[in-house]
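# Remarks on the overall topology
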Amino acid sequence: RPHLTTTLSTRRARPMLLRDRLYGATSVIENIVEGRLTGQLRRYRMQRTIDAMNGHLIVCGTGRVGQAITEFVRSIGQEVVVVDRDPTRFSERDTLHVMGDATSDEILRRAGIERATTLVTALGTAVDNLYVTLSSRKMNTELFIVSRADDPEAMTKMLQVGADRAVNPYEIGGARLAPPAHH
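Residues numbered from 1 in each chain as written. Predicted model: local features only at pLDDT ≥ 70, side-chain atom pairs only at ≥ 80, totals over all residues. Heavy atoms only, no water.

Strand order in the open sheet formed by six strands is 3-2-1-4-5-6, and the pairing between neighbours is parallel. A single partner strand is all that each edge strand has here, and the edge strands are strand 3 (97-99) and strand 6 (165-167). Looking at each pair of strands side by side, their axes are set apart by 15 degrees on average, direction ignored. Of the pairings in the sheet, the one linking strand 1 (residues 57-60) to strand 4 (residues 118-121) comprises four bridges and is parallel in character. Across the sheet, residue Leu-57 finds its bridge partner in strand 4, namely Thr-118. (Pairing = 2+ DSSP bridges. Helix = DSSP H or I, 4+ residues; strand = E, 2+ residues; numbered from the N terminus. Axes fitted to C-alpha atoms, helices over the stretch in contact; angles between N-to-C directions.)

Below is the structure:
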């Protein structure tokens, strides 16, 4: 008899254990799908907002320089779209952004390059900034382009390929620090 009781209790426990496992697995799958759908819906809405924009500014790169530019532009009420390949660099959820490589024409199109009035390239390398400047000028001849360049040779090349302004952030920082230091 004790053997029969053990067998019966084990058999009763298994369906409950299986049911609990199925419920747990279903809950996990549901949360994953729901999270993905929510993320996809958010990205879809954001892309629709970007697609409806005209006269906006695009910032390529969200390092220190790109973030400073984005914050300033937003503070004066200008619409801005940020492009970066690193999702952790989007500082605020409400910042309109396109995740991807800014050197890709498709990514620039998704940011609305044809309808933008200004583009700021603040990518980490002069080569990437040069490439984005060249591509952007071809896609929108009326675009005002400001390109980051860390040395005089790069500044010259940015202007040659279509930048309206080439800026060295280190020179600007040095020029702003020099007067107080002289005092």
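Structure shown, so let's carry the discussion forward.
What follows is about the pattern of salt bridges. Opposite charge on two side chains lets them pair, provided their charged atoms get close. The full count for this structure, using the stated rule, is five salt bridges. In this structure, Asp-101 and Arg-85 form a salt bridge, with 3.5 Å as the shortest nitrogen-oxygen distance. Here Asp-101, found in the loop between strand 3 and helix 3 (105-110), pairs with Arg-85, found in the loop between strand 2 (80-84) and strand 3; they are 16 residues apart in sequence, far enough to count as distant. Arg-85 gets classed as exposed once you look at its relative accessible area, which sits at 54%. (Salt bridge = Lys/Arg side-chain N within 4 Å of Asp/Glu carboxyl O. Buried < 20%, exposed > 50% of the residue type's maximum accessible area, 1.4 Å probe, protein only.)

Attention now moves to the environment of Leu-96. Mapping Leu-96 onto the fold places it in the loop between strand 2 and strand 3. C-alpha separation for the pair Leu-96 and Met-46, spaced 50 residues apart in sequence, amounts to 6.5 Å. Residues contacting Leu-96, with those up to four places away along its chain left out, are Met-46, Thr-49, Ile-50, Met-53, Val-80, Val-81 and Val-82. (Contact = heavy atoms within 4.5 Å.)

It is worth spelling out the side chain of Ser-147 at this point. One can find Ser-147 in strand 5 (residues 144-148). For Ser-147, a relative accessible area of 1% gives the class buried. Of the polar contacts made by the side chain of Ser-147, one reaches the side chain of Thr-121; its length is 3.2 Å. Reaching out from Ser-147, the side chain makes a polar contact with the side chain of Thr-133 at a distance of 2.6 Å. Excluding its chain neighbours within four sequence positions, the residues that come into contact with Ser-147 are Thr-121, Asn-129, Thr-133, Met-158, Ala-163, Arg-165, Ala-166 and Val-167. (Polar contact = N/O pair within 3.5 Å; in protein donor to acceptor, adjacent residues only side chain to side chain.)

Fair warning: the whole summary comes from geometry, so function is off the table for now.
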